[in-house]
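# Structural features, examined
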Amino acid sequence: MLTLSNITVELDKQPILSLGDIALPYGQLNVLAGPSGAGKSTFLHTVSGQLKLTQGLVHWQGQSLFDLNESARSQWRSKNVGFIFQDFHLIPSLSALDNVILQHSFSHWRIPNELRQQALVLLKQFGVKDVHKNIGQFSRGEKQRIALARALSGSPAIILADEPTASLDKENAEFVIQQLKAQADLGKFVLAVSHDPLVIGQASQILYLERGVIQDESMDAA
Amino acid sequence: MNPWMLLKAWYRQYTWPCVIFIALFSVALSLGVALLSQERAIKQSSANVSDQFDLIIGAPGSKIDLVLDIAFLQTGFLETVPTHVWHDLLDDERVKWFAPVVLGDGYAGSPIIGTTQPLLASIYGETENFPNIHSAFVGANVELKAGQIFQPQHGMLESSDEDEAEEHTHHVDYQVVRKLPITGTPWDNAILVPVEATWAVHGLGDGHAEDEHEGHEHGVHEGHEHEKHEGHEHEEHKGYGYEEHEEHDHEREGHNEVEHLGTFDEHDPLKPVSAFIVKPITIASAYGLRSDFSNNETQGVFPAEVMVTLYALMGDARALMSQITLICEALVMLSLVFGIAALFALFKREFAILRTIGATRSYLLLSVWMFVFSLMAVGLLVGMVLATLEVQWISYMLSNKVQFNIEATLGGKDWLFALAVLLVGSVLALLPALFVYRVSNEKLMQSI
Ligand SMILES: Nc1ncnc2c1ncn2[C@@H]1O[C@H](COP(=O)(O)OP(=O)(O)OP(=O)(O)O)[C@@H](O)[C@H]1O
Ligand SMILES: [Mg+2]
């Protein structure tokens, strides 16, 4: 369970988020929707421990995230959180495989073989053929599948996605949604920021954010 | 933590900027290192040259000119030394040996030096004397072969009587006896002839007392010379020319002249010379001689001491040079550092992504530092290779120019200098690394 209690986040001394008590469960597709500039991305960066809270608490499975110092939060993120972005945000000049395993070089001198094997399995499973090809040579759909593999590499318990389907065609979008749901079904925490009706249609729970405030937090879609 | 994977990505992504930086850095470094090592080499090599001469006695004037003209055979103009100095040196028991140097003539760019046997022995280890007055020993780099006959080109040695000198400036032929061993000094470019010959060429006679001349073999056979100066023969019976003796040549053939050439006594009408090279018996006698011969007629000079003065001048240039080198180096490094800082907007998104997927600040610090430092390290290695090549090239060019061997090699000092540059670089590389380290997540997150 992700629980937020009475959170305020200010950026440039402007209040961006102002949240009451929120609880989101593992094992289902949670969706965060809302107009542009509402603070959706800020929400993700907050629950992943990147932006400091002005006030309030974030608990993951009962552990208070901001009890960890910044470096420890980075390490926690590296182990426990997989990120997916609208624009993929892969590292140029690295191969598909290296993009997937790069994150493990943050904590390992030599990347353990099982992580490398897992990366290869994920890429194969997602239909990425030439894993040693430079990232620039892949199509958008392939890039998002590589990004998906990166997010799942190391089997993190939390998947955060920021508009993961916004720059994809329907087919690729559906594939991504399927994978997110599959992860939820494995019991992971999955939260996707999206206005994509395809995503919203599959959501178990939808939070609607406007000007940093949750409008209706108990909108059960399914 | 292993930034290598990320570094590989950056090298690939920024290949050209990296190559350009390495090129600039290495060229700037190599020029600095090459110049400094060259400067050391010039110092060492010129010291090798000047060390062959303990004491030079010349006419008063610039000490540096005297050393450059005599030890380095730079063709400048030297006043002549009064003839009595020769007699003085003959009598002086503090003198182990001495030899005159008469400059002024040349052949095909090589100076013709009138001297005596001790100088041949001292500089070239040549044990034999000139066999006759027309013989020439040539330095290793002179383009003359043994047996070859050549005429000196007119030089600048002045006679006290212009007309007389003019009339007696002969087209004398010298014959090369043999090539001298290589010395690695400007003396490899010298043509050495008996001092008597240089006087005679300028119509000053041969410097030997006339009454003895009858008994001397000068080996002058040139018919055209004889004819040309026939008209003067009877006016010139003061032992100036060779002509006088030519009629005796055939009778005298076979007489041993070796003992005579270069050997004078107080009765000989010696002629002026450009300078004397003196080998004192002891250090004390060297100082004694120098002070005794430093008066209004002559000056005694220790070349080694003059070189120290020159090196002091060079030292100033060197200090300036190394400063300029360091400044160039710093500019190149700063351009990289500021380039990275200025292009931060470009890199910002990548750092934001890396932070989001779990990179710690220290990982980014290490990555950026290693990236910049590795470029500098590669630049350093390339620079040192370049420097080695440049040093050889500059040595080659300089050796040709100054006519003595300059052998420069990169030594420990150069590597120390390079390492010092790298050390400064490693600190400078911390600037962009710290910049990235300190940037706030709030700022970074705006870009993704
Ligand atoms: N690092 C930051 N510093 C200052 N203000 C920020 C920062 N990040 C976001 N903001 C501001 O906070 C508000 C919310 O931004 P955010 O990116 O979270 O919105 P969003 O809901 O993700 O919008 P979009 O749908 O366009 O992505 C915006 O007004 C934005 O200008
Ligand atoms: Mg957003």
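Just so it is clear, the model here is predicted, and its values are computed rather than measured. (Residues numbered from 1 in each chain as written. Chains lettered and ligands numbered in written order. Predicted model: local features only at pLDDT ≥ 70, side-chain atom pairs only at ≥ 80, totals over all residues. Heavy atoms only, no water.)

Turning our eyes to something else, we now look at the packing of helix 13 (residues 303-342) of chain B against helix 16 (residues 412-428) of chain B. All names here are of chain B. Look at helix 13 against helix 16: their axes get within 10 Å of each other, and the N-to-C directions meet at 30°. The orientation of helix 13 with respect to helix 16, classified from their angle, is roughly parallel. The way helix 13 lies across helix 16 gives a crossing that is right-handed. Packed against helix 13, whose contacting residues are Thr325, Leu326, Glu329, Met333, Leu334 and Val337, the element helix 16 presents Phe417, Val421, Val424, Gly425 and Leu428 at the interface. When its residues are assigned to classes, the contact of helix 13 with helix 16 shows 8 nonpolar, 2 polar and 1 charged. (Axes fitted to C-alpha atoms, helices over the stretch in contact; angles between N-to-C directions. Helix = DSSP H or I, 4+ residues; strand = E, 2+ residues; numbered from the N terminus. Parallel < 35°, antiparallel > 145°, perpendicular 65-115°, else oblique. Left-handed = near helix turned anticlockwise from the far one by under 90°. Contact = heavy atoms within 4.5 Å. Nonpolar A, V, L, I, M, F, W, Y, C, P; charged D, E, K, R; others polar.)

The next thing to look at is the UniProt feature "domain: ABC3 transporter permease C-terminal" (unreviewed entry) in chain B. According to UniProt, the positions carrying the feature "domain: ABC3 transporter permease C-terminal" (unreviewed entry) are residues 330-440 of chain B. A distance of 29 Å separates the end C-alpha atoms of residues 330-440 of chain B, which is 85% helix and 0% strand. (UniProt positions renumbered as here; feature names shortened; annotations may be inferred.)

We now examine the pairing of strand 1 (residues 2-11) of chain A. All names here are of chain A. One ladder, built from 5 bridges, connects strand 1 with strand 5 (residues 55-60); its direction is antiparallel. In the strand pairing of strand 5, Leu4 is matched with Val58. Across 3 bridges, strand 1 lies against strand 3 (residues 22-24) in antiparallel orientation. When the sheet's bridge partners are listed, Thr3 is paired in strand 3 with Ala23. Pairing geometry for strand 1 and strand 2 (residues 14-19), over 5 bridges, is antiparallel. Bridged to Ile7 within strand 2 is Leu19. (Pairing = 2+ DSSP bridges.)

Looking at ligand 1, there are 14 residues lining it, with Ser36, Gly37, Lys40 and Thr42 of chain A together with Glu442 of chain B nearest. Proximal residues around ligand 1 fall on chains A and B, making this an inter-chain site. One of the side-chain N or O atoms of Ser36 of chain A is found 2.5 Å from an oxygen atom in ligand 1. In this structure, an oxygen atom belonging to ligand 1 sits 2.5 Å away from a side-chain N or O atom of Thr42 of chain A. Relative to its unbound accessible surface of 630 Å², ligand 1 loses 68% to contact with the protein. Across the shell around ligand 1, the residue classes tally to 4 nonpolar, 6 polar and 4 charged. (Near = heavy atom within 4 Å. Polar contact = N/O pair within 3.5 Å; in protein donor to acceptor, adjacent residues only side chain to side chain. Areas by Shrake-Rupley, 256 points an atom, 1.4 Å probe, with all protein chains shown as cover.)

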